[in-house]
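Geometric and topological summary
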Amino acid sequence: MTALLDATRGGPLVTEFPFVLPRGYVDDQGGVHREGVMRLATARDEIAPLRDPRVRDNEAYLTVLLLSRVMTSLGSLDVVTPGVVEGMFATDLAFLQEHYRRINTEGVTRATVHCPSCEAGFEVELSGSRPGGS
């Protein structure tokens, strides 16, 4: 991952965000892939799929193409293709859509909180990195 400077926060700009799918993608050999990484989307990521004939035929396919472009890894798969996204369980697809929304619109998937009892500060993951979380 390339370290970039975030001028608004004075620190490194995080461009990749790990996730763990609630169920996991099952490949043709029966292997389950749950851990992955999603990068921030670019304007090209959001525009290019609009020219795809599959999106013109079915607008819902935009989600499939977009997620396959921004997922940089998923388990031991070499590449995340639209076919991989098509084969995911609906629960995992919904999870990835929410993860995409969080990292691209809110920009933050971690928050610092304080324990009400001891007032110790710690970070929590907001993007549901634990199984079934969101």
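Residues numbered from 1 in each chain as written. Predicted model: local features only at pLDDT ≥ 70, side-chain atom pairs only at ≥ 80, totals over all residues. Heavy atoms only, no water.

**Section: a nonpolar patch on the surface**
A contiguous nonpolar patch, built from V26, V32 and F89 and spanning about 250 Å² of accessible area, is present on the exposed surface. Tracing the chain through its elements places V32 in strand β4 (residues 32-39). (Patch = residues over 30% accessible without salt bridge, like charges linked within 9 Å, V, L, I, M, F, W, Y side chains within 5 Å. Areas by Shrake-Rupley, 256 points an atom, 1.4 Å probe, with all protein chains shown as cover. Salt bridge = Lys/Arg side-chain N within 4 Å of Asp/Glu carboxyl O. Helix = DSSP H or I, 4+ residues; strand = E, 2+ residues; numbered from the N terminus.)

**Considering helix α3 (residues 61-70)**
For α3, the buried fraction is high: 7 of the 10 residues fall into the buried class. All of the buried residues along α3 are Y61, V64, L65, L66, L67, S68 and V70. Buried residues along α3 sit in contact with β4, α1 (43-47), α2 (53-57), β5 (71-74), α4 (82-86) and α5 (90-106). (Buried < 20%, exposed > 50% of the residue type's maximum accessible area, 1.4 Å probe, protein only. Contact = heavy atoms within 4.5 Å.)

**With respect to the side chain of D92**
By the element assignment, D92 lies in helix α5. Here the side chain of D92 touches R23 through a polar contact of 2.9 Å, landing on its backbone nitrogen. Non-local contacts of D92, meaning those with residues more than four positions away in its chain, are made with L21, P22, R23, G24 and Y25. (Polar contact = N/O pair within 3.5 Å; in protein donor to acceptor, adjacent residues only side chain to side chain.)

**Focus: the packing of aromatic side chains**
Across all of its chains, the model carries 1 aromatic pair by this definition. Between F19 and F95, the aromatic rings sit 6.4 Å apart at their centres with planes inclined by 55°, giving tilted as the arrangement. Here F95 lies in helix α5 and F19 lies in strand β3 (residues 16-26), a separation of 76 residues in the sequence. Across the pair, F95 and F19 agree in class, each one buried. (Phe/Tyr/Trp six-rings, centres within 6.5 Å; stacked < 30°, edge-to-face > 60°.)

**A few points about the nonpolar core**
Counting residues in each nonpolar core, the largest one holds 22 residues, and the members touching the most others are F19, M38, M71, L74, M88 and L96. At the level of elements, β3, α3, β5, α4 and α5 are the ones that each hand at least two residues to this core. Take this core: its biggest share by element is 6 residues, from α3. Contacts of L96, omitting those with residues within four sequence positions, involve F19, L21, M38, L67, M71 and M88. (Core = buried A, V, L, I, M, F, W, Y, C linked by side-chain atoms within 4.5 Å.)

**Some details on unusual backbone geometry**
Trans peptide bonds make up the majority, and among non-glycine residues the majority have a negative phi. Even without a glycine there, the phi angle at E119 is positive, about 65°. Position of E119 among the secondary structure elements: in the loop between β6 (110-114) and β7 (121-125).

**Digging into the pattern of salt bridges**
Throughout the structure, instances matching the rule amount to 5 salt bridges. Where R54 meets D52, a salt bridge forms, and the shortest distance between an N and an O atom there is 2.8 Å. The exposure class of D52 is buried, given its relative accessible area of 17%. Note that E98 and R101 form a salt bridge whose closest N and O atoms lie 2.5 Å from each other.

Remember that the coordinates give geometry; whether it matters functionally is a separate question.
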